Amino acid sequence: MPERTRGPNMYDVAKLAEVSHQTVSRVINNHPNTRPETKARVLDAMAQLGYRPNQAARSLASCCYLSPIAIRRLAKIIATT
């Protein structure tokens, strides 16, 4: 079975842009208190790395409640991607 490589994550983007991962999160979520120069550096780093936000992780972070069955199903989806 071929070895699977992971895509870039927020920490990779933060390292390249020389900011914290919280700043990357603020840029992704379009937080109003992000300086334009910082936002430009983060967006440039995202483009260079080919970063795409993980929609499954985003859904998990924004949900108020997930049943144990839903969590198991999501875990299977995440494991196969």
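Residues numbered from 1 in each chain as written. Predicted model: local features only at pLDDT ≥ 70, side-chain atom pairs only at ≥ 80, totals over all residues. Heavy atoms only, no water.

A. The overall build of the protein, seen in detail. The number of helices and strands found in the protein is five helices and zero strands. The linear arrangement of helices and strands in the protein, starting from the amino end, is α-α-α-α-α. For the protein, the residues scored as buried account for 16% of the 81 residues in total. For the protein, contacts bridging at least 24 residues in sequence account for 43% of all contacts bridging at least 6. (Helix = DSSP H or I, 4+ residues; strand = E, 2+ residues; numbered from the N terminus. Buried < 20%, exposed > 50% of the residue type's maximum accessible area, 1.4 Å probe, protein only. Contact = heavy atoms within 4.5 Å.)

B. Looking closely at the nonpolar core. Val13, Ala14, Ala17, Val19, Val24, Val27, Val42, Ala45, Met46 and Tyr51 together form the largest nonpolar core, which totals ten residues. Those elements that provide at least two residues to this core are helix H1 (10-17), helix H2 (21-28) and helix H3 (36-49). If we ignore the near neighbours within four places in the chain, the residues touching alanine 14 are Val19, Ser20, His21 and Val24. (Core = buried A, V, L, I, M, F, W, Y, C linked by side-chain atoms within 4.5 Å.)

C. Broad picture of H3. Under the 1.5 Å per step criterion, the end-to-end length of H3 is 20 Å for 14 residues, consistent within 8% with the ideal 20 Å. Along H3, the residues that are buried comprise Thr38, Val42, Ala45 and Met46. Mapping the buried residues of H3 onto a view down its axis gives an arc of 100 degrees, with all of them on the same face. Of the exposed residues in H3, the ones pointing more than 90 degrees away from its buried face are Pro36, Ala47 and Gln48. Considering only its buried residues, H3 is in contact with H1 and H2. Immediately downstream of H3, the backbone of glycine 50 shows phi near 70 degrees, a positive value. (Expected span 1.5 Å × (residues − 1). Arc of directions from axis to C-beta.)

D. Region of interest: the environment of proline 53. Topologically, proline 53 is positioned in the loop between H3 and helix H4 (55-62). For proline 53 and isoleucine 28, which are 25 residues apart along the polypeptide, the C-alpha to C-alpha distance reads 8.2 Å.

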